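Listed here are the chains, written in short residue letters.
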Amino acid sequence: MRLLISAGHTLTGKGTGAVGFINESQENRVLAKFIVEHLKKLGCETDYHEVNSGSDYIEQQAKKANSKNYDLVVQIHFNCSDNATANGTEVIYRSSKGKVFAQKVQDKLKTEFKDRKIKHDINDLKRDLGWLRLTKSPAILIETCFVSNKSDTDKYTSNREKIAKLIAEGIANQAITENNTSNTSSTDKKLYAVCTGAYNYDNAKKMQQELINKGYKDTYLIPR
């Protein structure tokens, strides 16, 4: 499969995402990159795209989506509501092919979040979403969970890579197993530490926080 995973919203100016217990714009990018990693493990030809600023950001996103003959283009988002109890996951589509992909992803995500069902952007939501209107390939928009709901965001931040894995499995319609994720010998059972470099204390703490924000909770500092 040839796929495009697009991170929704900009980081600055017009088009920034919602902010609640987490920042949507930032998390769109974190989650999208994890999804790309998992899709590549499944053998999918997968491109990543983000637009960080610009009043025409939607047009820029669509231009990238239309630059190749993709089998599916996906945009990652998080939902938000003034009602703090609103929660759950939904995948939005417009075309009949998009609907098929939307349901497969929804079936995966509903194992972790409340099932809000797949939705047609116009018929169900009464919205004309640029991502679905301007793209030529089958397209879906994933509203992962609610940034305004603490239960949703706690579940998400504790399981970023798992959520990404579920989305990738839904898109590719296949399970991710040890056979398609590990390049090490099956007889090698040792655990390995990964070091990223040596820094002064302030920069080390900054790097540690960046890793924690990306889902790597087991990070710690070792004095040199």
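Fair warning: this is a prediction, and the values are worked out from it, not measured in the lab. (Residues numbered from 1 in each chain as written. Predicted model: local features only at pLDDT ≥ 70, side-chain atom pairs only at ≥ 80, totals over all residues. Heavy atoms only, no water.)

Some points on the sheet that holds strand β3 (residues 72-79)
Taken together, the six strands give an open sheet; going across it, the order is β2-β1-β3-β6-β4-β5, and neighbouring strands pair in mixed fashion. A strand with exactly one partner marks an edge of an open sheet, and here the two such strands are β2 (45-50) and β5 (119-120). Looking at chain direction, strand β4 (residues 90-93) and β5 are connected through two bridges and run parallel. Counted as the bridge partner of isoleucine 92 is lysine 119 from β5. (Pairing = 2+ DSSP bridges. Helix = DSSP H or I, 4+ residues; strand = E, 2+ residues; numbered from the N terminus.)

Examining helix α6 (residues 160-172)
With 13 residues, α6 extends 18 Å between its outermost C-alpha atoms, agreeing within 8% with the 18 Å of an ideal straight helix rising 1.5 Å per residue. Judged by how many residues are buried, α6 sits mostly within the fold: ten of 13 residues are covered. Inspection of α6 places Arg160, Ile163, Ala164, Leu166, Ile167, Ala168, Glu169, Gly170, Ile171 and Ala172 among the buried residues, and these make up the whole buried set. Just past α6, the residue asparagine 173 takes up positive phi, approximately 60 degrees. (Expected span 1.5 Å × (residues − 1). Buried < 20%, exposed > 50% of the residue type's maximum accessible area, 1.4 Å probe, protein only.)

Quick look at the side chain of threonine 157
With respect to the helices and strands, the residue threonine 157 is situated in helix α5 (residues 150-158). For threonine 157, a relative accessible area of 17% translates into the label buried. A polar contact is formed between the side chain of threonine 157 and the backbone oxygen of aspartate 154, at a distance of 3.3 Å. (Polar contact = N/O pair within 3.5 Å; in protein donor to acceptor, adjacent residues only side chain to side chain.)

Observations regarding the pairing of β4
What you see with β4 is no split at all: Glu90 and Ile92 on one side and Val91 and Tyr93 on the other are buried throughout. In terms of strand pairing, β4 meets strand β6 (residues 139-146) through four bridges, oriented antiparallel. Counterpart to tyrosine 93 in the pairing with β6 is isoleucine 140.

Considerations on the packing of aromatic side chains
Under the criterion given, the structure shown has one aromatic pair. Considering the side-chain rings of phenylalanine 78 and tyrosine 156, the 4.9 Å spacing of their centres and the 70 degrees angle between planes classify their relative orientation as edge-to-face. Taken together, the residues span a long stretch of sequence, with phenylalanine 78 in strand β3 and tyrosine 156 in helix α5 at a distance of 78 residues. Exposure class is identical for phenylalanine 78 and tyrosine 156. Each is buried. (Phe/Tyr/Trp six-rings, centres within 6.5 Å; stacked < 30°, edge-to-face > 60°.)

A look at the pairing of strand β1 (residues 2-7)
Among the six residues that make up β1, five are buried, leaving the element largely enclosed by the rest of the structure. In this sheet, β2 lies alongside β1 in parallel orientation, the contact comprising six bridges. Paired with leucine 4 across the strands is aspartate 47, a residue of β2. Crossover handedness for the path β1 to helix α1 (residues 24-41) to β2: right-handed. Bridging between β1 and β3 involves five bridges; their strand directions are parallel. Directly across from leucine 3, in β3, lies its bridge partner leucine 72. (Right-handed = clockwise from strand over helix to strand, strands pointing away.)

Thoughts on the nonpolar core
Side chains that are nonpolar tend, in soluble globular proteins, to be buried together. Counting residues in each nonpolar core, the largest one holds 38 residues, and the members touching the most others are Ile35, Ile140 and Ile171. Those elements that provide at least two residues to this core are β1, α1, β3, β4, α3 (96-109), β6 and α6. Tallying contributions element by element places α1 first for this core, with seven residues. Not counting residues within four places of it along the chain, the set of residues in contact with isoleucine 171 comprises Met1, Leu3, Ile5, Ile35, Leu39, Leu72, Val74, Phe101 and Val105. (Core = buried A, V, L, I, M, F, W, Y, C linked by side-chain atoms within 4.5 Å. Contact = heavy atoms within 4.5 Å.)

Some words on the layout of surface pockets
In this structure, the second largest pocket occupies an estimated 350 Å³ of space. In this structure, the second largest pocket is lined by 13 residues; those nearest its centre are Gln26, Arg29, Val30, Lys33 and Lys214. If you list the elements that add at least two residues to the lining of the second largest pocket, you get α1 and α7 (201-213). Among the elements that take part in the lining of the second largest pocket, α1 stands out by supplying seven residues, more than any other. Looking at the lining of the second largest pocket residue by residue, the class counts come to four nonpolar, two polar and seven charged. (1 Å grid on protein atoms, 1.4 Å probe; cavity = no way out; pocket = protein on both sides within 12 Å on 5 of 7 lines; lining within 4 Å. Points joined across faces, edges and corners; volume = space filled by probe spheres on them. Nonpolar A, V, L, I, M, F, W, Y, C, P; charged D, E, K, R; others polar.)

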